[in-house]
Amino acid sequence: MNKTKTGLGILAIGAVMLLAAGCGSGEKTAAPAPAGQHTASGHEAHSASMPKEDPLPFMKDMDKALQEVVAQLKAGKTMDAQSSAARLTGAVNKVLPHMMEEGLKEQLRQAAAEIKNSVNAGRTDLNGLEDKAKAFQSIMQETTTHLQSMSH
Ligand SMILES: [Cu+2]
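Note that the coordinates shown come from a computational prediction; the quantities given were computed from them, not determined experimentally. What you see as residue numbers is a count from 1 along each chain, following the sequence as written. pLDDT decides what is reported in this predicted model: residues at 70 or higher carry local features, side-chain atom pairs at 80 or more are listed and counted, and totals for whole chains, interfaces and linings draw on all residues regardless. In computing side-chain properties, one takes all heavy atoms of the structure into account and sets aside hydrogens as well as water.

Every helix listed is a DSSP run of H or I at least four residues long, and every strand listed is a run of E at least two residues long, numbered separately from the N terminus. Helix and strand counts for the chain come out as six helices and zero strands. Starting at the N terminus and walking to the C terminus, you meet the elements of the chain as α-α-α-α-α-α. Between buried and exposed lies partly exposed: a residue is buried under 20% and exposed over 50% of the maximum accessible area for its type, with that area taken using a 1.4 Å probe on protein chains only. Across the 152 residues of the chain, 27% fall into the buried class. Partitioning the intrachain contacts of the chain with sequence separation of at least 6 by distance along the chain shows that 74% fall at a separation of at least 24. Methods summary: accessible areas were calculated by the Shrake-Rupley approach with a probe of 1.4 Å, and residue burial reflects only the protein chains presented. For the chain, the computed accessible surface area is about 10000 Å², with 58% contributed by carbon and sulfur atoms. Contact criterion: two residues are considered in contact whenever any of their non-hydrogen atoms come within 4.5 Å of each other.

See below:
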């Protein structure tokens, strides 16, 4: 009887130790990475000012709107292209508050404005627009990578 109880006791202690070890390693994994140039306080301040939404779906809208602008201009549908360009800048404006790199933010904002302005001006220089669209795509790629590096 006594031997059985002792045996169970040892098993129980073993289980507790295993649990404790599990917790310990879990805490280590969850520990924050050492702060680099972006301080934790700076990130928190920005997060608080961000809209509570995932910005990545807006990147998909942006990509779709860009492709439509190009396709509609090629088809000579200037009015449609203008409304697609408005959707493009709308998506950009939704994403901007989530970005924490001022340089990239400004690039994205300016590239979208250039496309919108040239479409609205009715100067359908297709080659020029395709160059702008290509430049915009690489900025979008960088933006997506930047947004994916943050948690929302
Ligand atoms: Cu955000």
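Should a side-chain nitrogen of Lys or Arg be within 4 Å of a carboxyl oxygen of Asp or Glu, the pair is scored as a salt bridge. Under the definition given, this model contains five salt bridges. With its nearest N and O atoms 2.8 Å apart, the salt bridge here joins Glu 130 to Lys 74. Of this pair, Glu 130 sits in helix α6 (residues 126-148) while Lys 74 sits in helix α3 (residues 56-74), placing them 56 residues apart in sequence. A salt bridge links Glu 102 to Lys 105, with the shortest nitrogen-to-oxygen separation between them at 3.9 Å. Taken together, the residues span about one helical turn, with Glu 102 and Lys 105 both in helix α5 (residues 102-120) at a distance of three residues. Note on Glu 102: relative accessible area 56%, which makes it exposed.

Time to look at the nonpolar core. Ranked by size, the top nonpolar core spans 30 residues in total, and within it Met 62, Val 95, Leu 108, Ile 115, Val 119 and Phe 136 carry the most contacts. Contributing elements (two or more residues each) for this core: α3, α4 (78-95), α5 and α6. The dominant element in this core, judged by the number of residues it contributes, is α3, at eight residues. Leave out the neighbours within four places in its chain, and Val 119 touches Val 69, Leu 73, Thr 78, Ala 81, Gln 82, Ala 85 and Leu 129. Joining through side-chain atoms within 4.5 Å is the link that ties buried Ala, Val, Leu, Ile, Met, Phe, Trp, Tyr and Cys residues into a set, and such a set is a nonpolar core.

Right, let's talk about α3 for a bit. Counted at 1.5 Å a residue, the expected span for α3 with its 19 residues is 27 Å, and the 28 Å between its end C-alpha atoms agrees. Within the span of α3, buried status applies to Phe 58, Met 59, Met 62, Ala 65, Leu 66, Val 69, Val 70, Gln 72 and Leu 73. Here the buried face of α3 lies against α4, α5 and α6. Just beyond α3, the residue with positive phi is Gly 76, at close to 75°. The length a helix should cover is 1.5 Å for every residue beyond the first.

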